[in-house]
2 protein chains.
Amino acid sequence: MSNVVFFHAGCPVCVAAEQTVADALRDDVEKVHLGIQKNRLKEAEAAGVRSVPALVIDGQPFHINHGADLADLK
Amino acid sequence: MSNVVFFHAGCPVCVAAEQTVADALRDDVEKVHLGIQKNRLKEAEAAGVRSVPALVIDGQPFHINHGADLADLK
């Protein structure tokens with residue numbers, strides 16, 4: 001069982017990645033909207049997330065296409 | 001059941017994405033090494049793949065981080 005967090009910002013690129021990739025994973029996925037849950041920005045950054053949408057699986061960041069830079073969500 | 005193809009080139013970024021994301025999907029994943037299976041390059045390109053590793057799920061391309069540009073595999 002992996003720890004999976006999907007960071008997004010509600011953008012069209014994010015929604016496509018959520019519905020097609022994140023929701024297709026076997027493990028449960030916690031979804032975090034960084035435009036709203038700004039208190040999670042530091043955690044995303046610490047995991048190496050530079051843009052959304054991104055999956056963090058057991059601490060490893062996987063950027064999926066490119067919706068928005070993390071810097072633009074601050 | 002989705003049609004899922006994972007395009008890669010055997011690079012470290014590709015291997016991490018394969019083991020952590022592609023192998024964590026519920027559906028079966030066809031794995032295509034574009035450095036070896038060059039006859040599949042056109043198909044990847046037609047699906048909108050610009051770099052590897054990338055998943056193509058029901059025709060939609062999802063680039064995962066960045067290992068190598070498709071142009072460099074030709």
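About the criteria used
- Residues numbered from 1 in each chain as written.
- Chains lettered and ligands numbered in written order.
- Predicted model: local features only at pLDDT ≥ 70, side-chain atom pairs only at ≥ 80, totals over all residues.
- Heavy atoms only, no water.
- Contact = heavy atoms within 4.5 Å.
- Buried area = accessible area lost by both parts, 1.4 Å probe.
- Salt bridge = Lys/Arg side-chain N within 4 Å of Asp/Glu carboxyl O.
- Polar contact = N/O pair within 3.5 Å; in protein donor to acceptor, adjacent residues only side chain to side chain.
- Helix = DSSP H or I, 4+ residues; strand = E, 2+ residues; numbered from the N terminus.
- Nonpolar A, V, L, I, M, F, W, Y, C, P; charged D, E, K, R; others polar.
- Disulfide = S-S within 2.5 Å.
- Buried < 20%, exposed > 50% of the residue type's maximum accessible area, 1.4 Å probe, protein only.

If you look chain A up in an unreviewed UniProt entry, it shows as Thioredoxin-like fold domain-containing protein from Crateriforma conspicua.

Trainee: So what's going on with the interface of chain A and chain B? Residues and values would help.
Mentor: Each partner contributes residues to the interface: chain A has 16 residues there, and chain B has 16 residues. Carbon and sulfur atoms supply 55% of the area buried between chain A and chain B, which totals about 1,400 Å² over both sides. Together, Arg26, Phe62 and Asn65 of chain A form the three largest contributors to the area buried by chain A at its contact with chain B, with a combined 36%. Our count for the contact surface shared by chain A and chain B stands at 0 salt bridges. One can count 10 residue pairs in polar contact (both at pLDDT 80 or more) joining chain A with chain B. Elements represented by at least two residues in the side of chain A that touches chain B include exactly α1 (12-20), β3 (51-57) and β4 (60-69) of chain A. It is β4 of chain A that provides the largest number of residues to the side of chain A that touches chain B, a total of 6 residues. When its residues are assigned to classes, the side of chain A that touches chain B shows 10 nonpolar, 4 polar and 2 charged.

Trainee: Which residues make up the state of the cysteines, and what are the values?
Mentor: All names here are of chain A. Summed over the entire model, instances satisfying the criterion amount to 2 disulfides over all chains. Disulfide pairing is shown between cysteine 11 and cysteine 14; the S-S distance is 2.3 Å. Here cysteine 11 and cysteine 14 share a disulfide; its torsion about the S-S bond, 65 degrees, makes the bridge right-handed. A relative accessible area of 15% means that cysteine 11 is categorised as buried.

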